[in-house]
Amino acid sequence: MQQPRQLRRSSPRTPFVFDLRELGRRAGTLKEYRRSVPAPAELGLDIIGVPEGAPLDLELRLESVTEGVLVTGTVTAPLTGQCGRCLEPVSDELVVDVCELFAYEDSTTDETTEQDEVHRVDGELIDVEPVVRDAVVLALPWTPLCGPDCAGLCPECGQRLDDLPAGHAHEVLDPRWAALAAFTSEKSDAGEDGPSDAHDE
């Protein structure tokens with residue numbers, strides 16, 4: 001016997017939730033919305049993301065179609081993080097497109113797709129937070145840069161290469177000579193402190 005689908009109930013008090021009673025179910029009907037909503041927690045990657053509570057600007061169009069409600073539009077989000085090369089703070093603005101169908105309960109789409117394959121209309125509400133979250137996270141740069149020509153950090157001293165003078169370099173001893181240098185140093189120390197080979201007359 002098929003188990004009933006478990007749907008997350010949407011709260012109309014959440015700013016990501018839209019009430020469809022204003023839209024209706026007549027195919028072709030549409031409404032446009034502009035909202036500024038606070039960013040949810042953990043919206044990003046380890047190195048860059050949207051600060052929790054920062055304003056997300058939503059410009060969305062909700063259109064009633066045969067199988068549900070089609071949501072299209074853009075999300076604009078402020079980004080903060082670290083440069084992937086030199087670890088300096090970076091900030092930017094992300095504008096990303098969204099396009100998602102929310103299926104009506106008992107529609108053909110609802111009946112023929114798995115629970116995690118399409119979003120569903122929850123009564124007369126839709127919650128666009130998962131759609132916004134997916135769109136923003138997938139559009140984030142894997143290696144954010146403070147500038148396209150960032151040279152990164154010096155592997156020897158760890159300082160930012162762009163802040164160092166031209167020709168910055170460190171003397172690197174050939175490892176093949178390292179053992180000889182250590183032996184020479186030990187022999188020199190022994191010669192200074194050890195007993196003399198000269199005999200007293």
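Residues numbered from 1 in each chain as written. Predicted model: local features only at pLDDT ≥ 70, side-chain atom pairs only at ≥ 80, totals over all residues. Heavy atoms only, no water.

(A) Fine view of the side chain of Thr 76. Locating Thr 76 in the fold gives a position in strand 6 (residues 68–82). Residue contacts for Thr 76: discarding those within four places in its chain leaves Pro 55, Leu 56, Asp 57, Glu 93, Leu 94 and Val 95. (Helix = DSSP H or I, 4+ residues; strand = E, 2+ residues; numbered from the N terminus. Contact = heavy atoms within 4.5 Å.)

(B) Highlighting unusual backbone geometry. Within the chain, Leu 87 stands out as a residue other than glycine whose phi angle is a positive 70°. If you trace the backbone, Leu 87 turns up in the loop between strand 6 and strand 7 (89–103).

(C) Representation of the pattern of salt bridges. Considering all chains together, one arrives at five salt bridges under this definition. A salt bridge links Arg 21 to Asp 19, with the nearest nitrogen and oxygen atoms 2.5 Å apart. The salt bridge partner of Glu 63 is Arg 61, with a shortest N-O separation of 3.8 Å. (Salt bridge = Lys/Arg side-chain N within 4 Å of Asp/Glu carboxyl O.)

(D) Up close: the pairing of strand 5 (residues 55–65). Side chains Leu 56, Leu 58, Leu 60, Leu 62 and Ser 64 project from strand 5 onto a buried face, and the interleaved Pro 55, Asp 57, Glu 59, Arg 61, Glu 63 and Val 65 project onto a face without burial. As paired strands, strand 2 (residues 30–38) and strand 5 are joined by nine bridges and run antiparallel to one another. Each residue of the ladder has a partner; that of Tyr 33, found in strand 5, is Leu 60. Sheet topology note: the strand 5/strand 6 ladder contains nine bridges and is antiparallel. Bridge pairing links Leu 58 to Val 75 in strand 6. Between the end of strand 5 and the start of strand 6, which pair antiparallel, lie two residues. (Buried < 20%, exposed > 50% of the residue type's maximum accessible area, 1.4 Å probe, protein only. Pairing = 2+ DSSP bridges.)

(E) Expanded view of the side chain of Ser 64. Turning to its location among the elements, Ser 64 is positioned in strand 5. Ser 64 gets classed as buried once you look at its relative accessible area, which sits at 0%. In this structure the side chain of Ser 64 is engaged in a polar contact, spanning 3.5 Å, whose partner is the backbone oxygen of Arg 26. In this view, Ser 64 contacts Leu 23, Gly 24, Arg 25, Arg 26, Ala 27, Gly 28, Thr 29 and Tyr 104; residues no more than four positions away in its chain are not counted. (Polar contact = N/O pair within 3.5 Å; in protein donor to acceptor, adjacent residues only side chain to side chain.)

(F) Looking closely at the packing of aromatic side chains. Inspection of the entire model under this criterion finds one aromatic pair. Between the aromatic rings of Phe 18 and Tyr 33, the centroid separation amounts to 5.0 Å while the plane-to-plane angle is 70°, which identifies the pairing as edge-to-face. Of this pair, Phe 18 sits in strand 1 (residues 17–19) while Tyr 33 sits in strand 2, and the two are 15 residues apart along the sequence. For the pair formed by Phe 18 and Tyr 33, the shared burial category is buried. The lysine or arginine in question, Arg 25, covers the ring of Tyr 104, its NZ or CZ lying 4.0 Å from the ring centre. Of note, Arg 35 hangs over the ring of Phe 18, and the distance from its end group to the ring centre comes to 3.9 Å. (Phe/Tyr/Trp six-rings, centres within 6.5 Å; stacked < 30°, edge-to-face > 60°. Lys NZ or Arg CZ within 6 Å of the ring centre and 35° of its normal.)

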